[in-house]
Amino acid sequence: MDPVVVLTLVAALVVVFLVASTVRIVPQARRYNIERFGRYRRTLQPGLNLVLPVADRINTKLDVREQVYSSDPRPVITEDNLVVNIDTVLYYQITDPRSAAYEVADYLQAIDQLTVTTLRNVIGSMDLEETLTSREEINSRLRAVLDDATGKWGIRVNRVEIKAIDPPHTIKEAMEKQMRAERDKRAAILHAEGERQAKILTAEGTRQKDILEAQGTQQAMILRADGEAKAVELVFQAVHRNNADPKILAYKYLETLPHLAGSDNNTFWVIPGELTEAVRTVTRAFGDQSTAGAPQTAQSEEASSADADDTSQESRTPELDAGSTVSLDAATAADEAEKQAAAAVSDAKAEAEAAMSPQVPRRGQTSGD
């Protein structure tokens, strides 16, 4: 083989190797730390970069995007001497590739250990109840401590979250019983409040109903009383306007007696003592009116007939003294009283009609007499 060709091939290979060793392409969101003869030289940025072949080499390749690190559950003792397992989630980002590569050997392990120690210090000053209800406070205190410690490592801690707090099994059972009791208590309170509100509303409704019913009854009684008063006033005015005499009043009194006895609720009815006196008054009144313009003989005859009628009326309508008693039972007495009152009224009507009709001259008597 020709030595010239061999030398040309060797020179070409050397050139290709040198070019390949000189050019470095860095992807986006990546950083490369370059060392020259074992000493940090610079950090390559994304894109095309040139380095010295053989003299420069890449020491570390770092990702500068925000990353998530989840730690394993770690036992932590609370202030009330209870052991709980807590695992955390850490969000961090590399801000200085040189410090992250040369200030700490393993930044993830360092962050994990720092998180555990800080968490034990924070939880050790709280009891279990406060630990379960103060996650935001724990997160903020963890973030403050981690951000201050990892700043010199070229790492920024953006967020720290407690993923889970796992108390012992016995504590879980006690907490479940406590929560169940609290829920039963709230349910009982809500039920009692509901019953209380229902009773209050029912009482309010009943009170409003009674008030409205009383107001309605009051209005009805007022209207009824007004109607009765107006009716009595009209009757009173009619009586005084027509100048009614005692004869008409006695006649209306006799007409009212059968209605008093005809009621279904009456089991005992007393006939007033002035019944026969009222009958006599009506009889005399109509008898006097009928004989006002007649001759003296006719007046004497009418008087004698009126006396006979009064005698027969007295025989038909017995007077009841105040001290007399009714030996019949209540129903028989009521019927008998109704019959007597009806008979008295019919007799009074007949005599009134006879008195109002023209007088028929007796046999043997002329108009000149």
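Procedures and definitions
Residues numbered from 1 in each chain as written. Predicted model: local features only at pLDDT ≥ 70, side-chain atom pairs only at ≥ 80, totals over all residues. Heavy atoms only, no water. Helix = DSSP H or I, 4+ residues; strand = E, 2+ residues; numbered from the N terminus. Buried < 20%, exposed > 50% of the residue type's maximum accessible area, 1.4 Å probe, protein only. Contact = heavy atoms within 4.5 Å. Areas by Shrake-Rupley, 256 points an atom, 1.4 Å probe, with all protein chains shown as cover. Pairing = 2+ DSSP bridges. Axes fitted to C-alpha atoms, helices over the stretch in contact; angles between N-to-C directions. Patch = residues over 30% accessible without salt bridge, like charges linked within 9 Å, V, L, I, M, F, W, Y side chains within 5 Å. Salt bridge = Lys/Arg side-chain N within 4 Å of Asp/Glu carboxyl O. Lys, Arg positive; Asp, Glu negative; His and termini not counted. Charge placed at Lys NZ, Arg CZ, Asp CG, Glu CD. pLDDT = per-residue confidence, 0-100. Parallel < 35°, antiparallel > 145°, perpendicular 65-115°, else oblique. Left-handed = near helix turned anticlockwise from the far one by under 90°. Nonpolar A, V, L, I, M, F, W, Y, C, P; charged D, E, K, R; others polar. Expected span 1.5 Å × (residues − 1). Phe/Tyr/Trp six-rings, centres within 6.5 Å; stacked < 30°, edge-to-face > 60°. Lys NZ or Arg CZ within 6 Å of the ring centre and 35° of its normal.

## Focus on the overall build of the chain
Phase 1: A tally of helices and strands in the chain yields 10 helices and nine strands.
Phase 2: For the chain, the proportion of its 369 residues judged to be buried stands at 25%.
Phase 3: The long-range fraction of contacts in the chain, counting pairs at least 24 apart against all pairs at least 6 apart in sequence, stands at 64%.
Phase 4: In the form shown here, the chain has an accessible surface area of approximately 24,700 Å², with 56% of it arising from carbon and sulfur atoms.

## Quick notes on the sheet that holds strand E3 (residues 39-44)
Phase 1: Read from one edge of the open sheet, three strands run E3-E2-E5, paired in antiparallel fashion. Looking at strand neighbours, the two that pair on one side only are E3 and strand E5 (56-63), the edges of this open sheet. Strand-to-strand, the axes of this sheet are offset by a mean angle of 25 degrees, without reference to chain direction.
Phase 2: With seven bridges connecting them, strand E2 (residues 30-36) and E5 associate as antiparallel partners. The residue bridging Arg-31 from the neighbouring strand is Leu-62, located in E5.

## Some points on unusual backbone geometry
Phase 1: A positive phi angle, near 55 degrees, is found at Phe-37, a position not held by glycine.
Phase 2: Backbone geometry places Asn-81, a non-glycine residue, at a positive phi of 60 degrees.
Phase 3: By the secondary structure assignment, Asn-81 is in the loop between strand E7 (74-77) and strand E8 (83-94).

## Brief notes about a positive patch on the surface
Phase 1: A cluster of basic residues, Lys-177, Arg-180, Arg-183 and Arg-186, forms a positive patch on the protein surface.
Phase 2: Among the structural elements, Lys-177 can be located in helix H6 (residues 169-242).

## A word on the pattern of salt bridges
Side chains bearing opposite charge may pair, as long as their charged atoms lie close to each other.
Phase 1: A complete count under the given rule lists 11 salt bridges for this structure.
Phase 2: Note that Arg-196 and Glu-193 form a salt bridge whose closest N and O atoms lie 3.7 Å from each other. Highlighted residues: Arg-196 and Glu-193, both in helix H6, separated by three residues, approximately one helical turn.
Phase 3: You can call Glu-193 partly exposed: its relative accessible area is 38%.
Phase 4: Among the charged side chains, a network of salt bridges with common partners joins Arg-30, Asp-63 and Arg-65.

## Some thoughts on the environment of Pro-167
Phase 1: Tracing the backbone through its elements, the reader meets Pro-167 in the loop between strand E9 (155-166) and H6.
Phase 2: In the structure, Pro-167 is positioned 39 residues away from Leu-128 in sequence and 8.5 Å away in space, judged by C-alpha atoms.

## Observations regarding the confidence of the model for the chain
Phase 1: Looking at the chain, the pLDDT average stands at 75 and 66% of residues meet or exceed 70.
Phase 2: Of the regions scoring below 50 in pLDDT, residues 289-330 engages in 30 contacts with residues more than four places distant in sequence or in other chains.

## Brief notes about the packing of helix H3 (residues 107-123) against helix H5 (residues 135-150)
Phase 1: Their axes nearest at 10 Å, the elements H3 and H5 cross at an angle of 140 degrees. When the axis of H3 is compared with that of H5, the two are oblique. The two elements H3 and H5 cross, and the hand of that crossing is right-handed. Contacts between H3 and H5 pair Ile-111, Leu-114, Thr-115, Thr-118, Leu-119, Val-122 and Ile-123 from the former with Ile-138, Arg-141, Leu-142, Val-145, Leu-146, Ala-149 and Thr-150 from the latter.
Phase 2: By residue class, the composition of the contact of H3 with H5 is 10 nonpolar, three polar and one charged.

## With respect to H3
Phase 1: The end-to-end C-alpha distance of H3, which contains 17 residues, comes to 24 Å, matching closely the 24 Å that a straight helix rising 1.5 Å per residue would cover.
Phase 2: The set of residues buried in H3 consists of Tyr-107, Ala-110, Ile-111, Asp-112, Leu-114, Thr-115, Val-116, Thr-118, Leu-119, Val-122 and Ile-123.

## Thoughts on the packing of aromatic side chains
Phase 1: Scanning the model with the defined rule gives two aromatic pairs in all.
Phase 2: When the centroid spacing of 5.6 Å and the interplanar angle of 65 degrees are considered together, the rings of Tyr-40 and Tyr-102 count as edge-to-face. Here Tyr-40 is found in strand E3, whereas its partner Tyr-102 is found in helix H2 (residues 97-102), with 62 residues between them in sequence.
Phase 3: Judged by its relative accessible area of 27%, Tyr-40 falls in the partly exposed class.
Phase 4: Relative to Tyr-107, the ring of Tyr-92 has its centre 6.1 Å away and its plane inclined at 65 degrees; by these criteria the two rings are edge-to-face. Placement of Tyr-92 in strand E8 and of Tyr-107 in helix H3 is noted, with a sequence separation of 15 residues between them.
Phase 5: A relative accessible area of 2% places Tyr-92 in the buried class.
Phase 6: When the ring centre of Tyr-32 is taken as origin, the NZ or CZ atom of Lys-61, which lies over that ring, is 5.0 Å away.

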